[in-house]
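A look at the structure
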Amino acid sequence: VRWGKMAKQSVVKLERRLTLGLLVTVGTVVICLTAILTLFNVNQEERRLNEQLHELCEFAKIPLGSALWKYNRTYLKNFLESVFLNHDIVYADIVSDGKIVAIRMRASENSHRFDEFKEKDGFTTVEAVILHGDEQVGLLRIAASRARIGQLILWNLTSSFGLMLVMGLAIFVATLF
């Protein structure tokens, strides 16, 4: 009788070790995959944001050059309004002769100067020279928020934790029966 009881206890201990080992293995795999996918997604989003900003600057050079040359402030302001259709952009200005001739920023931002955005880690900035013919007539400066990238990281971590929880529960329930 005693031998049967000891054998049953050994089996239970073995089952617990196997369950714990399986949980640790699955958890480790999920954590590693989450880290890899998060890094990949963050790099993709960073590259996409930088490409959008640089393309915007390239497309803006020709029409802004003519508008600055003619001092068409209405066009410049309308251009900046259209730039803000991209929700990542938080600040944009156009500088000519060292003076800001048009500026637009999101109300949620406390910074009022382009240089302040350049110094902060949560933003990506870009500057583009505006030409009219061969003559430099101004500068387009844009700052974009990286908040969306932070949200992506948070979403990846939250979904990974949820996946680990569900898998752990499934393993636990499977070992009970």
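My aim in this report is to walk through the structure given alongside it, one point at a time. Being a predicted model, the structure only gives us computed values, none of them experimental.

1. Regarding the packing of aromatic side chains
On inspection of all chains with the given rule, the structure shows 3 aromatic pairs. Measuring from ring centre to ring centre gives 6.1 Å for Y91 and F114, while their planes differ by 35°; the resulting arrangement is tilted. A residue pair is termed long-range when its members are at least 10 positions apart, and Y91 in strand β1 (residues 89-96) and F114 in helix α3 (residues 114-119) qualify at 23 residues. Note on Y91: relative accessible area 0%, which makes it buried. Aromatic ring contacts, followed pair by pair, group Y91, F114, F117 and F123 into a single cluster. Above the face of the F84 ring, R104 is positioned so that its terminal group lies 4.4 Å from the ring centre.

2. So, the environment of V24
The residue V24 is located in helix α1 (residues 2-69) in this model. A C-alpha to C-alpha distance of 9.1 Å links V24 and G168, two positions 144 residues apart in sequence.

3. Regarding the sheet that holds strand β3 (residues 123-132)
Pairing is antiparallel in the open sheet, where 4 strands are placed in the order β2-β1-β4-β3. Of all strands in the sheet, those with a lone pairing partner are β2 (99-105) and β3, marking the two edges. Direction aside, the axes of adjacent strands within the sheet are offset by 15° on average. Pairing between β1 and β2: 6 bridges, direction antiparallel. Following the sheet pairing, S96 is matched in β2 by K99. Here helix α2 (residues 73-83) sits on the sheet and contacts β1, β2 and β4 (135-145); the angle it forms with β2, its principal contact strand, is near 35°.

Conventions we followed
Residues numbered from 1 in each chain as written. Predicted model: local features only at pLDDT ≥ 70, side-chain atom pairs only at ≥ 80, totals over all residues. Heavy atoms only, no water. Phe/Tyr/Trp six-rings, centres within 6.5 Å; stacked < 30°, edge-to-face > 60°. Helix = DSSP H or I, 4+ residues; strand = E, 2+ residues; numbered from the N terminus. Buried < 20%, exposed > 50% of the residue type's maximum accessible area, 1.4 Å probe, protein only. Lys NZ or Arg CZ within 6 Å of the ring centre and 35° of its normal. Pairing = 2+ DSSP bridges. Axes fitted to C-alpha atoms, helices over the stretch in contact; angles between N-to-C directions. Contact = heavy atoms within 4.5 Å.

What is shown is where atoms sit, not what they do.
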